[in-house]
Amino acid sequence: VHQLAPFVDVALRAAGLYGQGLLDHRPVRAAGDWSVRLPLIIAAALLPRSTAALAVAHLANVAYWFSALPQAWDHECWAALVETAFVAAAVVSRRDVAATFLPAARAATAAAYA
């Protein structure tokens, strides 16, 4: 859902419902956003039990985050690190991703607020 927010923002803005960035400030910057990220997000939503589809969608999002560097806010860097941890957890532990990912997410959250 979080990855869909910039696309919904563009659609609502195109429909004239409100100005730029009220839903999500992240721009949809390149053709790759529409041709790669959006289809992967939709595939992951349509295949909720597919760890591979979810991991690939998150990997595309990680590439998106890193393409924004160095013009990225600190929370965006944190989000990229958390998504990288998720992709690593999905690759390492296909059966119980949550058990592998949640400790890393907790550590990242603690580090962000330290």
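Check the entry above for the structure.
Residues numbered from 1 in each chain as written. Predicted model: local features only at pLDDT ≥ 70, side-chain atom pairs only at ≥ 80, totals over all residues. Heavy atoms only, no water.

A.B. asks: Quick question: what am I supposed to make of the pattern of salt bridges here?
C.D. replies: Should their charged atoms come close, side chains of opposite charge can pair. The final tally for this structure, using the stated rule, is one salt bridge. The residue D33 makes a salt bridge to R37 at a minimum N-O spacing of 3.5 Å. Placement of both D33 and R37 in helix 2 (residues 31-46) is noted, with a separation of four residues, approximately one turn of the helix. For the residue pair D33 and R37, the accessibility class agrees, reading buried in each case. (Salt bridge = Lys/Arg side-chain N within 4 Å of Asp/Glu carboxyl O. Helix = DSSP H or I, 4+ residues; strand = E, 2+ residues; numbered from the N terminus. Buried < 20%, exposed > 50% of the residue type's maximum accessible area, 1.4 Å probe, protein only.)

A.B. asks: I keep staring at the packing of aromatic side chains and nothing clicks. Help me out?
C.D. replies: Describing an aromatic ring pair means giving the distance of the ring centres and the angle of the ring planes. Evaluation of the coordinates by the stated rule reveals two aromatic pairs. Seen from their ring centres, F7 and W34 are 5.0 Å apart, and the 75° between their planes marks the pair as edge-to-face. One end of the pair, F7, is in helix 1 (residues 5-14); the other, W34, is in helix 2, and 27 residues separate them in sequence. In this structure, R37 packs its charged tip against the face of Y64, placed 4.2 Å from the ring centre. (Phe/Tyr/Trp six-rings, centres within 6.5 Å; stacked < 30°, edge-to-face > 60°. Lys NZ or Arg CZ within 6 Å of the ring centre and 35° of its normal.)

A.B. asks: It is not clear to me how the nonpolar core should be interpreted in this structure. Could you clarify?
C.D. replies: In a soluble, globular protein the nonpolar side chains are often hidden away together inside. Within the largest apolar cluster, nine residues are counted, these being A55, V82, F86, A89, A90, V97, F101, A105 and A108. Put simply, the parts of the chain that give this core at least two residues each are helix 4 (74-92) and helix 5 (97-113). (Core = buried A, V, L, I, M, F, W, Y, C linked by side-chain atoms within 4.5 Å.)

Read these as geometric descriptors, not functional statements.
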